[in-house]
Amino acid sequence: MATTLTSHHKFSSLTKTHKTYPSSPLLLLSTKLLTRSNPSKNTILSAKKTRTLITGSLKEDKKVVPVKDKPLNDKNNPLFVNGSKDSDLLSSSSSSSIVESDDDEDRMTSRAINATIVLGCGTLAVSRLLTIDYDYWHGWTLYEILRYLPEHNWIAYEQALKANPVLAKMAISGVVYSIGDWIAQCYQGKPIFEFDRTRMFRSGLVGFTLHGSLSHYYYQFCEALFPFEDWWVVPAKVAFDQTVWAAVWNSIYYVALGLLRFESLDNIYRELKATFWLLLTAGWKLWPFAHLITYGVIPLEQRLLWVDCVELIWVTILSTYSNEKSEARISDATSEANSSPSSSADEK
């Protein structure tokens, strides 16, 4: 009986000491120590009740504030996690997907048109070259047809030069300048059937209207300027060609392309001034060696054909220099125009 009173006295004192924490872990520990003296009471607290007491004490010591989930499309605050309005984000994503699909359709259409142009023109040119003797094929063998193809095509070209020399040279220059610009675009990284048709048409138009006719009269003027047969005539013609005529023609080509792009005269002048010396010195790496053959070997009426064959390389360089800065300026203006609406939308 004395032992029971002593234990009860200790238990009441501990309860008074920790009365502010009725379910604290310290109370549970003291309860376990006191109940060891009376084994009959140990069976009352099971493992399940012990876990319940510990959980209850933890809940009382630390409050858990429940957070209510708010729907993303709340009408009072229609914001996503990134801070953008759901309606704006959905509309922008849908519009971007529509724009991408339209771009893909336009790209496929443009590629199909370009492939049709290239394959059609190539087929027409090859068929005309191969069927030059079509009217005389009766009784010919395949060997005879292939044997006379180069000779008879050359005869047909000479006949065209005699009939209308300026028009024949204009046609050759137009074809060469178109192919040269196409090669330049492919060299700049564009796929073979994704070239800019308008750009190629501009280059071919300049070659047809200006280069063929002006070159025809220039070579006649050069022969009249140096009417000698001495050894120094060929180097003098090459020097005159690569200083006076190269400077004149590069400027004409550059200005003509700028006008066809509807650029202002100030932009054309600034770009020509920035690339004039580069174009002239770039030509000195190619043309002096080619013009030794032009003025030393090739007859007068055949010079433009030889020059146009070399022009396939030169027009690639010339077109690259002429269109590079213009396309960079257009792309910068387009990117600025696209970024300005987005920045204004962000500010709103």
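Keep in mind it's a predicted model, so treat the numbers as computed, not measured.

Parameters at a glance
Residues numbered from 1 in each chain as written. Predicted model: local features only at pLDDT ≥ 70, side-chain atom pairs only at ≥ 80, totals over all residues. Heavy atoms only, no water. Helix = DSSP H or I, 4+ residues; strand = E, 2+ residues; numbered from the N terminus. Buried < 20%, exposed > 50% of the residue type's maximum accessible area, 1.4 Å probe, protein only. Areas by Shrake-Rupley, 256 points an atom, 1.4 Å probe, with all protein chains shown as cover. Contact = heavy atoms within 4.5 Å. Salt bridge = Lys/Arg side-chain N within 4 Å of Asp/Glu carboxyl O.

1. Some points on the overall build of the protein
- When you go through the protein residue by residue, the secondary structure sums to eleven helices and zero strands.
- Along the protein, helices and strands appear, N-terminal first, in the series α-α-α-α-α-α-α-α-α-α-α.
- Looking at the protein residue by residue over its 348 residues, the buried ones come to 27%.
- Carbon and sulfur atoms make up 66% of the accessible area of the protein, which totals about 23,500 Å².

2. A few points about the environment of Ile 293
- Relative to the helices and strands, Ile 293 resides in helix H10 (residues 287-296).
- Spatially, the C-alpha atom of Ile 293 lies 10.0 Å from that of Val 238, the residues being 55 residues apart in sequence.
- For Ile 293, the residues in contact, after removing those within four places along its chain, are Ile 298 and Trp 306.

3. Some thoughts on the pattern of salt bridges
- In the structure shown here, the tally under the stated rule is seven salt bridges.
- Note that Arg 199 is salt-bridged to Asp 181, the shortest N-O span being 3.0 Å. A residue pair is termed long-range when its members are at least 10 positions apart, and Arg 199 in helix H7 (residues 197-225) and Asp 181 in helix H6 (residues 165-187) qualify at 18 residues. Per residue, the accessibility class of Arg 199 equals that of Asp 181, and both read buried.
- Within this structure, Glu 223, Lys 237 and Arg 303 form a network of salt bridges that share partners.

4. Overview of unusual backbone geometry
- For Phe 262, which is not glycine, the phi dihedral falls at a positive 60°.
- Along the chain, Phe 262 turns up in the loop between helix H8 (233-260) and helix H9 (265-283).
- Residue Phe 262 is classed as exposed on the basis of its relative accessible area, which comes to 78%.

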